[in-house]
Amino acid sequence: MEKTQLFRLFLGAAVRKNIGSGKCLHAYIVKSGLWADTFLSNSAINMYAKCGHLPDASAAFDDMLSRDVVSWNSLINSYSHLGAVGAPVVLHLFQRMRTEAVLPNAFTFAGVFTAASNVGDVFRGREVHCVAVKSGRCGDVYVGSSLLSMYSKMGLLSDARKVFDKMPHRNSVSWAAMISGYAAEKKHGMEAFQLFKLMLIREESEVNEFVLTSVLSALCLPEFLDKGRQVHGLVIKNGLASFVPVWNALVTVYAKCECMDDSFSVFDETSGDADKKNSITWSAVITGYSQNGHSDKALELFSKMHLAGAQPNEFTFVGVLNACADRISLHHGKEAHGYLLKLGFELQVYIKSALVHMYAQCGCIDEGRRAFQQLHHHEADVVLWSTIIGGCVQNGEHEEALALYGRMERESISPNDLTLAIVLKACSSLAALEQGKQVHARVLKYGFPLFIPVGSALSTMYAKCGSLEDCRLVFRRIPRKDVVAWNSIIAGFTHNGRGQEALELFDQMKLEGTEPDHVTFVNLLCACSHMGLVEKGWHFFRLMQDEYCLEARVEHYACMVDILSRAGLVESAKEFIASVPIDHGTSLWRILLGACRDRQNFDIGAYAGERLVELGTQDSSAYILLSNIYAARNRWDDVERVRRKMRERGVNKDPGCSWIEFKSGVHVFVSRELLHPQIKEIQEQVRSLTKHMRLEGYHPCLLLHSFPEDSIQEQVTEEEEFQLIESCVS
């Protein structure tokens, strides 16, 4: 049998991936003594590699009597296609090749550069670069493109650009590789666009679908919207709109630039051409709607995608699950969960993170934990850990969040800045200063700069723990202060009773050119409330709407009611509530009722209480306060009516809970529970302090007229105990 015929048979076996026929041919050329022919032995290696049998290819390679550059390239390029798994083998083969004095060619360097970039081995990449220079291969456009692609993937854009600028010849692959390198780093979008313009000016290469996809991926920020439109026009002008990747890139660009009407318009243009609209197209527009707050539209499109027979991918499900989380739609979330289980996506780490987030947002943290436990032993992914920790914080399980963070550290998973910001939020909620300081130390250890969100989270933590000087110190060290950073420190000073300093910080914020938002004005109005500054409160309330065009929300109206109520202007507060143009539920009447209790204004208090009962509030204190008001007026029928309403609606009083951090431990106390190991000593000390307090002439004033005398005494004692119990522990 002739060599040419054998070569064709090997090639056919490789194309059909018929390993059985290939092995028979291998045996034949060994038996017939043709294995010494390098051309045929290379064909056998190529056949094994194309069939995916790389161990057999390696064995055949080792058995060769003589090897040329094609022999080495067959094995090197086959292993380089395996990604990070095959990269060490590629680098080892290249080292062996050099010891055998075989001169590498352009295809050799391309495979080795790919392998080095797959494992991020900068040293070996530079070493191979030196070999390419020494062997005079860097002038080859194929080698140059592979080299700049390697540097780009490693994030060494300056090195990549040096290679690009020195290339004597460039093709569309070279331009696309360099533009893609800039696109991979979001902050280099302008450089990518400028390079694309340079390509058009020099006319060194034709504008094809690969270059356009690369430049469009660099323009996925709102500030690049106009440039994205220009590229869109070029796509239409050059007749490249028929390429699916280009169309998908356009849908993604408009979605990420927050122009969902344009994104959907591009998407909808593919309605008449089923070949254009693949799963990536659907995923791009669904994810776009989800990320831009249009969750209903995202779920509607997902349903249409299913009806159209398009197969969703893992990115589609991430967008859908995030939409369910935003809508707090557990029903749709469970449906999506069932669907992705059916398609076999349940072990994808991004899917698991989205599932944990969805269940946490919907209040089903136990389901989120189960999803987390199924995967975290297999995938040590910081995103997954951050998601479950964030879910615990969101559902009020702050101690569990800190415990999970401890596990994460013990399992040697390095947190990112978002993880630490979430953990700091848990410390803030628990007022756990010592744990917060430990997390601060971690921030310094890992070298995270005090940008958002870490800087703001640290500032908030110190403020909520009452350590305002540390709060101010952290704030000063934040390099670029945005409105979130300013809000955190203003809120810190406000809630720690230093309202005047909070107002001064607002003046400083304006001087530095930062525009306030809704949260800023909530903090300012709270400061005015605590200081009794009614006129100043009205000033900020009007300033927000007139100068900054911010529409007042429920929380702003609540602050104004609180300002008026604290100043004793309960009648004005009542009139203000009646004038509020938005639906405020029960919140404003609840504030007024509490103020009437403090001011002993029974008439307006009864009015506010009745409005709350009318609205069906589930706040137990509203019923108790209203009942006490009627009891003070001896209106026993109304007392019974209010209590009956409370029983009928199943309103129960949540037990009081407090805690104090002392000697590196957190002591928790729950109303009517006697579980603390030192409870006897604490109660004895409380009784002693209560007796001493009464001997000094202090008697608490509580509106509990509706209860029998023994019941009043019991509740007064409990109230007093909770006021004193923390001081007893400390």
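Look up a bit, the structure's there.
Residues numbered from 1 in each chain as written. Predicted model: local features only at pLDDT ≥ 70, side-chain atom pairs only at ≥ 80, totals over all residues. Heavy atoms only, no water.

A. Local environment of the pattern of salt bridges. Scanning the model with the defined rule gives 22 salt bridges in all. The salt bridge partner of Asp165 is Arg161, with a shortest N-O separation of 3.0 Å. Taken together, the residues Asp165 and Arg161, both in helix H10 (residues 157-166) and four residues apart, mark about one turn of the helix. Arg161 gets classed as partly exposed once you look at its relative accessible area, which sits at 23%. One salt bridge in this structure joins Glu501 and Arg472, with 2.9 Å as the shortest N-O distance. (Salt bridge = Lys/Arg side-chain N within 4 Å of Asp/Glu carboxyl O. Helix = DSSP H or I, 4+ residues; strand = E, 2+ residues; numbered from the N terminus. Buried < 20%, exposed > 50% of the residue type's maximum accessible area, 1.4 Å probe, protein only.)

B. Expanded view of the packing of aromatic side chains. Enumeration according to the criterion identifies 25 aromatic pairs in this entry. Between Phe7 and Phe39 the ring centres are 5.0 Å apart and the planes differ by 35°, which places this aromatic pair in the tilted class. In this pair, Phe7 is assigned in helix H1 (residues 3-16) and Phe39 in helix H3 (residues 38-50), connecting sequence segments 32 residues apart. Taking the relative accessible area as the measure of exposure, Phe39 reaches 42% and is therefore partly exposed. Between Trp538 and Phe576, the ring centres sit 5.6 Å apart and the planes meet at 80°, which makes this aromatic pair edge-to-face. Linking Trp538 in helix H32 (residues 534-546) with Phe576 in helix H34 (residues 570-579), this pair joins segments that are 38 residues apart in sequence. Between Arg170 and the ring centre of Phe164, over which it is positioned, the NZ or CZ distance is 4.6 Å. (Phe/Tyr/Trp six-rings, centres within 6.5 Å; stacked < 30°, edge-to-face > 60°. Lys NZ or Arg CZ within 6 Å of the ring centre and 35° of its normal.)

C. Examining the packing of helix H24 (residues 398-410) against helix H25 (residues 417-430) more closely. Two elements in contact, H24 and H25, have axes separated by 9 Å at closest approach and are oriented at 140°. Viewed along their axes, H24 and H25 adopt a mutual orientation that is oblique. Crossing angle aside, the handedness with which H24 passes H25 is left-handed. Across the interface between the two elements, His398, Glu399, Ala401, Leu402, Tyr405 and Met408 from H24 touch Thr419, Leu420, Val423, Ala426, Cys427, Ser429 and Leu430 from H25. Class assignment for the residues of the contact of H24 with H25 results in nine nonpolar, three polar and one charged. (Axes fitted to C-alpha atoms, helices over the stretch in contact; angles between N-to-C directions. Parallel < 35°, antiparallel > 145°, perpendicular 65-115°, else oblique. Left-handed = near helix turned anticlockwise from the far one by under 90°. Contact = heavy atoms within 4.5 Å. Nonpolar A, V, L, I, M, F, W, Y, C, P; charged D, E, K, R; others polar.)

Treat this as a map of the structure, not an account of what it does.
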